Amino acid sequence: MKFSIEWLKDYVAINDTPEALAERITLHSFEVEGLEKHDHDILMDVSFLPNRFPDAANYYGFAREVSAVTGVPLIGPHSLSQQNPFSKKKWKQTWPLEVQNADDCPRYSGLLMKGVRVEGSPTWLRERLEINGLRSINTVVDITNYVMLELGQPLHAFDAAKVDNGIVVRRARGREHMTTLDGKDVDLSPEDLVIADQSNVLALAGIKGGKAAEIISSTTSILLEAANFNADFVLRTARRVGITTDASYRFKYGLDPNLTEVALARAAELVKKICGGSIETFADAYPHKVLPRVIAFDPRRYEALIGEPVSLSSARSLFKRLGWGVVKAVKGLVWVEVPTFRRDVERFEDVVEEVARLRGYEELGSIPPVTVLLHAAQDESIAFSRSVKKRMLTFGFDELYSYSFIPESWNVVCDEKTLVQLENPVSTEYFYLRPLLLLSLFRALESNAKFFSSLRFYEIGKAFTHDEEAGIVERAKLAGMVMSEEKGGASFYELKGVLDALFQGYGIADVEYCPSDAWKGVFAQGQVAELMVDGTSIGFLGMIDSKWLSRFGVARPVAAFELDLELLCSAANEEREFVPLPKYPAVIRDVSFLIDTTVRIDDMRRVINDAGSKMLQDVDLFDMFEDEKLGTGKKSISFHLTFRSDGRTLTSEEVGHDMETIIAALQKQFAIEVR
Amino acid sequence: MIMTINEIEHSVFAEIHNTHTAKELEEVRARYLGRKGTLTSVLRGLAELSLEDRREIGPRAQALRDRIEEACEDRLQDFEATSETFFDVSFPGKKITVGHHNPLSLLIQDTEDIFLSLGFSVVDGPEVETEFNNFDALNIPANHPAREMWDTFWLKRAHNTEPRKLLRTHTSPVQIRYMQTHEPPFRIIVPGTTYRYEATDARHEMQFSQIEGLAVGETVTLANFKSIITAFFSRLFAQKVEIRLRPSYFPFVEPGVEVDATCPRCHKRGCELCTFTGWLELGGAGMVHPHVFDAVGYNPNTIQGFAFGVGAERLAMIKYGIPDIRLFRSSDLRFIQQF
Ligand SMILES: [Zn+2]
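Remember, predicted model here, so these are calculated numbers, not experimental data. (Residues numbered from 1 in each chain as written. Chains lettered and ligands numbered in written order. Predicted model: local features only at pLDDT ≥ 70, side-chain atom pairs only at ≥ 80, totals over all residues. Heavy atoms only, no water.)

Things to note about the overall build of chain A
The secondary structure content of chain A amounts to 19 helices and 31 strands. A globule of 675 residues ought to have a C-alpha radius of gyration of about 26 Å, yet chain A, at 40 Å, is considerably larger. Overall size of chain A, expressed as C-alpha extent along the three principal axes, is 125 × 65 × 50 Å. Counting across all 675 residues of chain A, residues that qualify as buried make up 51%. The contacts of chain A with a sequence gap of at least 6 include a subset with a gap of at least 24, amounting to 70%. For chain A, the distance from the average position of its 78 positive side-chain charges to the average position of its 99 negative side-chain charges is 6 Å. (Helix = DSSP H or I, 4+ residues; strand = E, 2+ residues; numbered from the N terminus. Rg over C-alpha atoms; globule rule 2.2 N^0.38 Å. Buried < 20%, exposed > 50% of the residue type's maximum accessible area, 1.4 Å probe, protein only. Contact = heavy atoms within 4.5 Å. Lys, Arg positive; Asp, Glu negative; His and termini not counted. Charge placed at Lys NZ, Arg CZ, Asp CG, Glu CD.)

Have a look at this one:
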């Protein structure tokens, strides 16, 4: 809210320059967003958080804060500091008032005035409204708005002659409707709170008045309303009908019910001065009076919480500046009475804040904690992902952070029932939570493919699925992608090499790459492996389907993988143990043969390992090719076989014998032709 | 005669050394050792000398001839070596593919390391949260106007009977999870991804990273917080940073403060980064509200503590001079490869 410095001077003397005042307010109360020149005035733009909006986002309340911060006492219209100006008197009730439910409307106060002239407003009034973005309508309406800016209490004025036999505050009935002052037709529901007379709905409580009892130039008697509505109703109805007004905005934060009477007194004072007329009668429905809270303040507890002492006398002088009374003082403790306009101050800690901020946090020392020594550690999930990131870096992968959302049109990648959907997506581009982390990497592929001929990147992040029994399942994943300049499956094997190095680094020995048809449409059919460790699937590696790739304008072959980080972590074993270096030399023999192209390398390897050689240490594929000369459906395979014994140097007869056993086993299992 | 041998010895080695090609070398060699070469004529003329002179000069001339031959040989090898493997040290090195951390990871890892050294553990938590952990337990009840401070992504439920779930709007719910399963005293930080339902621009993101801190015990004070946060920012920005606390409001702390630090770029003199104020607003903090301790079953009469939160992107933007928050999740490798 913007405050005119000149206007503020009506309530408190300002001895500081605007800059100095802004600095003091920022350090002790609220953030000052800026100062701006306005004719011969300066406007101070102050931002309020929800706790202080009700008491301070108005001129008198802000002046009260300035007074507390600067220590300069409040001056200003006597009418603002009066307690209960009307309710102490006996009034002749000339119009009926009924509030059907005090929970919906804790207080409703109305003042009837007669002999009023409705005209154009004087210049000073127009100008003050304009500073705060309000348009001048006529004297009566302008006064209600002025008092709202001054005190924070929204007011409404009805043409009393058009009100049919008094006021009822009630829920709307089904099929009821009203026309607002600005001509909008609103259908009402029983969830809405309205102000009505015996025949019409006159206003939407706390939001907007209606045409039925509008103030016009011929109006002479007015009914001024100052009420305290339940914030839930105001919020809900304002949202439902799509009308937000200065009044509804203020009610939303909750107001002090004791404010209604002061606001009516101030409005009446201004009406008499500007429009003439006189007070006829006052009516008030306020069954449960809100009383000030009394809170004990103990300076020792203050010191225990803030870390520095405060003397009782300096605390008491700050309470005085705030306008809070001390009702009791015993043995170093005081009980303060917090006025009802500070409804945010509920307990001891709130009082501590008032004392601490008014003293100033800049005075607070910086005191290292004295504490027990604690073992500080990282959660395993965090430590492990840091370690994976370090390894991926050495493998030449760039690290991405992407959005967790995928477009609505990507629901083809899996059963829609397993997708987690947002209730309020920002757009169809960010519609579901990703069920696979690697889906997010396609955006990176799309945007980078035009700048690079080959790509390597990865991300660690969450993937989300909906499970019928478990509900929403959130898993930490590692996903990566390789785009290669080479044709065919090169990127697959490049990535597989990376994964092998990763597994090796974590001491994960037996990872099986099993053919899979998972994530059809994303992965190319028949070019996906499910990665199994001890019978548990830990993820996938595969070539990306070319049709899916074409969505992103990428023509080069792309391979991608995704691993479950928690499963990878639990399979990992980073303990190292020294193995004695070999004492005797190894003998390496090569074997080359022709075999059907459909035989998997893993199967050949298994047969070689299981053939029965005790001296066989390692089987290493070093060549594979297909050629017309070999005949169709055949490929040439060459392995290095390494033999070694820990007890002696092997003879060529021993190795030759084992070679024959291995070749025999291969011949028995497959139709091979040794070359 | 002797003079001549001395003269030869004086000049020939420098001449050999100054040759640059095999042809030049051959010319030098011919000048001394060729048929009409200087040294050759000396050797030829030996027969005409007296026996005494011959005894003195003969061996010296022979030795000089051998040394010249040897020097020519060596020099020739120099030429052969350079012409076969011409060595250009200015030739570019072989490209090694190295990966790059996202600057966000660098920032978060730095933060973790600093807090680990200050005795804070690093704790993880889920991104999908319950309404209770994200709001109610943090003293932000439904319909409280303060809820509007956090625009929330809600998740669809399969059945209306299920409790409402959301994408956490801050890492603060991990406070609740941690306190429900641990006893004080403790000190933790929580780095993690958070979400806000809002329009994105250079300073706002719908998905971003936060680092939450929490220290709880019987004697933890706001002055302690000031000391810890001063140490953190000073180490993160590798310079002495001053901290300024201002009143603020977050429902889960009381008192609540805004944390400003002196601008690390201009050292309080004022620059564009700090909009010429000398100060940067870097986070929120405060003393944990007793309602929060109530929600996790701690006794607020004996337990107290401070909590704080900072935005990882904001800190990375300041530390690395990154102008737009959207770059972190842009997936632009030209950006990531700078780090
Ligand atoms: Zn600066």
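Alright, that's what it looks like, and here's the rest.
Comments concerning the overall build of chain B
Summing up its helical and strand segments, chain B has eleven helices and nine strands in all. Taking 339 residues into account, the globule formula puts the C-alpha radius of gyration at 20 Å, and chain B, at 40 Å, lies well above it. With the C-alpha coordinates aligned to their principal axes, the bounding extent of chain B is approximately 125 × 45 × 40 Å. Considering only intrachain contacts with a sequence separation of at least 6, the fraction spanning at least 24 residues in chain B is 65%.

As for the coordination of the zinc ion
Residues and elements named next belong to chain B. Coordination of the zinc ion by the protein involves Cys263 (SG), Cys266 (SG), Cys271 (SG) and Cys274 (SG), with metal-donor separations of 2.3 Å. Around the zinc ion, the four donor atoms sit at angles spanning 103 to 114 degrees, and that spread fits a shape best called tetrahedral. All donors of the zinc ion belong to a single chain; written as a sequence motif, their spacing is C-x2-C-x4-C-x2-C. Exposure remark for Cys266: the relative accessible area of 6% places this residue in the buried category. (Donors = N, O, S within 2.8 Å, 3.2 Å for Na, K, Ca; no water. Tetrahedral: all angles 85-135°; square planar, octahedral: opposite > 155°, others 65-115°.)

Remarks on helix α2 (residues 22-33) of chain B
All names here are of chain B. With twelve residues, α2 ought to run about 16 Å at 1.5 Å a step, and its terminal C-alpha atoms sit 16 Å apart, in line with that. Of all the positions in α2, only Leu25, Val28, Tyr32 and Leu33 are classed as buried. The buried residues of α2 occupy an angular sector of 105 degrees when projected down its axis, which confines them to one face. (Expected span 1.5 Å × (residues − 1). Arc of directions from axis to C-beta.)

Observations regarding the packing of aromatic side chains
Centre distance and the angle of the planes are the two values used to describe a pair of aromatic rings. Residues and elements named next belong to chain A. With the rule as written, the count across this model stands at 52 aromatic pairs over all chains. Centre to centre, the rings of Tyr249 and Tyr253 are 5.5 Å apart; their planes meet at 80 degrees, and the pair counts as edge-to-face. A relative accessible area of 35% places Tyr249 in the partly exposed class. Chaining the aromatic ring pairs together yields one cluster made of Phe3, Trp7, Phe30, Phe48, Phe53, Tyr59, Phe62, Trp124, Tyr146, Tyr249 and Tyr253. Lys328 extends its terminal NZ or CZ atom over the ring of Trp335, reaching a point 4.3 Å from the ring centre. (Phe/Tyr/Trp six-rings, centres within 6.5 Å; stacked < 30°, edge-to-face > 60°. Lys NZ or Arg CZ within 6 Å of the ring centre and 35° of its normal.)

Description of the nonpolar core
The biggest cluster of nonpolar side chains holds 169 residues, and the ones touching the most others in it are Phe62, Phe297, Phe442 and Leu445 of chain A together with Phe233 of chain B. The dominant element in this core, judged by the number of residues it contributes, is helix α9 (residues 259-275) of chain A, at ten residues. Those residues in contact with Phe233 of chain B that lie beyond four places of it in its chain are Val241, Ile243, Val259, Ala261, Leu282, Val310 and Leu315 of chain B. (Core = buried A, V, L, I, M, F, W, Y, C linked by side-chain atoms within 4.5 Å.)

Quick word on the interface of chain B and chain A
Listed by partner, the interface residues are 82 residues for chain B and 81 residues for chain A. Note on chain B versus chain A: buried area summed over both sides is about 7,100 Å², and carbon and sulfur give 55% of it. Along the contact surface separating chain B from chain A lie six salt bridges. For Arg239 of chain A, the salt bridge goes to Glu148 of chain B, with nearest N and O atoms at 3.6 Å. When grouped by side-chain class, the residues that make up the side of chain B that touches chain A number 37 nonpolar, 27 polar and 18 charged. (Buried area = accessible area lost by both parts, 1.4 Å probe. Salt bridge = Lys/Arg side-chain N within 4 Å of Asp/Glu carboxyl O. Nonpolar A, V, L, I, M, F, W, Y, C, P; charged D, E, K, R; others polar.)

Considerations on the environment of Val46 of chain A
Residues and elements named next belong to chain A. Summarising the element assignment, Val46 is placed in strand β3 (residues 41-47). The buried category is assigned to Val46, whose relative accessible area is 1%. If we ignore the near neighbours within four places in the chain, the residues touching Val46 are Met1, Phe3, Phe30, Glu31, Val32 and Phe62.

A few points about unusual backbone geometry
All names here are of chain B. Going from Pro184 to Pro185, the amide bond is cis rather than trans, its omega being 5 degrees. Structurally, Pro185 is set in the loop between α7 (173-181) and β4 (186-195). Between Glu254 and Pro255 the backbone carries a cis peptide bond, its omega angle lying at -5 degrees. Note on placement: Pro255 falls in strand β7 (residues 253-262). For Ala238, which is not a glycine, the phi torsion comes out positive at approximately 55 degrees. By the secondary structure assignment, Ala238 is in the loop between α8 (222-236) and β6 (243-248). Residue Ala238 is classed as exposed on the basis of its relative accessible area, which comes to 68%. Positive phi values are uncommon outside glycine, yet Lys268 reaches one of about 75 degrees. The residue Lys268 is located in the loop between β7 and β8 (279-288) in this model.

Quick look at the side chain of Arg147 of chain B
Residues and elements named next belong to chain B. With respect to the secondary-structure elements, Arg147 resides in the loop between α6 (131-134) and β3 (165-167). For Arg147, a relative accessible area of 13% gives the class buried. Reaching out from Arg147, the side chain makes a polar contact with the side chain of Asp136 at a distance of 3.2 Å. Leave out the neighbours within four places in its chain, and Arg147 touches Glu131, Phe135, Asp136, Ile140, Pro141, Ala142 and Trp154. (Polar contact = N/O pair within 3.5 Å; in protein donor to acceptor, adjacent residues only side chain to side chain.)

Concerning the pairing of strand β30 (residues 634-643) of chain A
Residues and elements named next belong to chain A. Counting buried residues in β30 gives eight out of ten residues, a clear majority hidden from the surface. As judged from the eight bridges shared by strand β29 (residues 616-625) and β30, these two strands associate in the antiparallel manner. Each residue of the ladder has a partner; that of Leu616, found in β30, is Phe643. (Pairing = 2+ DSSP bridges.)

Here's the deal with the pairing of strand β5 (residues 107-114) of chain A
All names here are of chain A. Buried residues dominate β5, accounting for seven of its eight residues. One ladder, built from seven bridges, connects β5 with strand β13 (residues 222-228); its direction is antiparallel. Paired with Tyr108 across the bridge in β13 is Ala227. Relative to strand β14 (residues 278-285), β5 is paired through seven bridges, and the arrangement is antiparallel. Bridge pairing in β14 links Leu111 to Phe282.

A word on the sheet that holds β29 of chain A
Residues and elements named next belong to chain A. Overall, antiparallel pairing links the four strands, which are arranged β29-β30-β28-β31 in an open sheet. Of all strands in the sheet, those bounded by a partner on one side alone are β29 and β31 (673-674). The strands touched by helix α19 (residues 652-669) within the sheet are β28 (587-596), β29, β30 and β31, with β28 carrying the most contacts at an inclination of about 20 degrees. (Axes fitted to C-alpha atoms, helices over the stretch in contact; angles between N-to-C directions.)

Remarks on the packing of helix α5 (residues 103-117) of chain B against α8 of chain B
Residue and element names in this part refer to chain B. It is at 10 Å that the axes of α5 and α8 come closest, and there the two elements cross at 135 degrees. In terms of orientation, α5 lies oblique with respect to α8. Read as a crossing pair, α5 and α8 show a hand that is right-handed. Of α8, the residues touching α5 (which contributes Leu107, Asp110, Thr111, Ile114, Phe115 and Ser117) are Ile228, Phe232, Arg235 and Leu236. Classifying every residue of the contact of α5 with α8 gives six nonpolar, two polar and two charged. (Parallel < 35°, antiparallel > 145°, perpendicular 65-115°, else oblique. Left-handed = near helix turned anticlockwise from the far one by under 90°.)

Section: the domain arrangement of chain A
Domain annotation of chain A identifies domain 1 (2-76), domain 2 (97-285), domain 3 (293-361), domain 4 (380-571) and domain 5 (587-674). A straight line from the C-alpha centre of domain 1 of chain A to that of domain 5 of chain A covers 88 Å. (Domains from an automatic or database assignment.)

Side note on the pattern of salt bridges
One pass over the full model with this rule turns up 62 salt bridges over all chains. A salt bridge links Glu9 of chain B to Arg67 of chain B; its shortest N-O distance comes to 2.9 Å. One end of the pair, Glu9 of chain B, is in helix α1 (residues 2-17); the other, Arg67 of chain B, is in helix α4 (residues 51-84), with 58 residues separating them in the sequence. On the basis of relative accessible area, Glu9 of chain B is assigned to the partly exposed category, the value being 31%. Assessed through its relative accessible area of 41%, Arg67 of chain B is described here as partly exposed. One salt-bridge network, held together by shared partners, links Arg52, Asp55, Glu65, Arg342, Asp344, Glu354 and Arg357 of chain A.

A look at a negative patch on the surface
All names here are of chain B. Residues Asp66, Glu70, Glu73, Asp74 and Glu80 make up a contiguous surface patch of negative charge. Looking at the element boundaries, Asp66 is found in helix α4. What makes Asp66 partly exposed here is its relative accessible area of 47%. (Patch = residues over 30% accessible without salt bridge, like charges linked within 9 Å, V, L, I, M, F, W, Y side chains within 5 Å. Areas by Shrake-Rupley, 256 points an atom, 1.4 Å probe, with all protein chains shown as cover.)

So, helix α7 (residues 231-241) of chain A
An α-helix turns once per 3.6 residues; consequently, residues spaced three or four apart project the same way. Residues and elements named next belong to chain A. Taken residue by residue, α7 has Phe233, Val234, Leu235, Thr237, Ala238 and Val241 as its buried positions. At the N-terminal boundary of α7, the capping side chain belongs to Asn230, with an oxygen 2.8 Å from the backbone nitrogen of Asp232. Just beyond α7, the residue with positive phi is Gly242, at close to 70 degrees.

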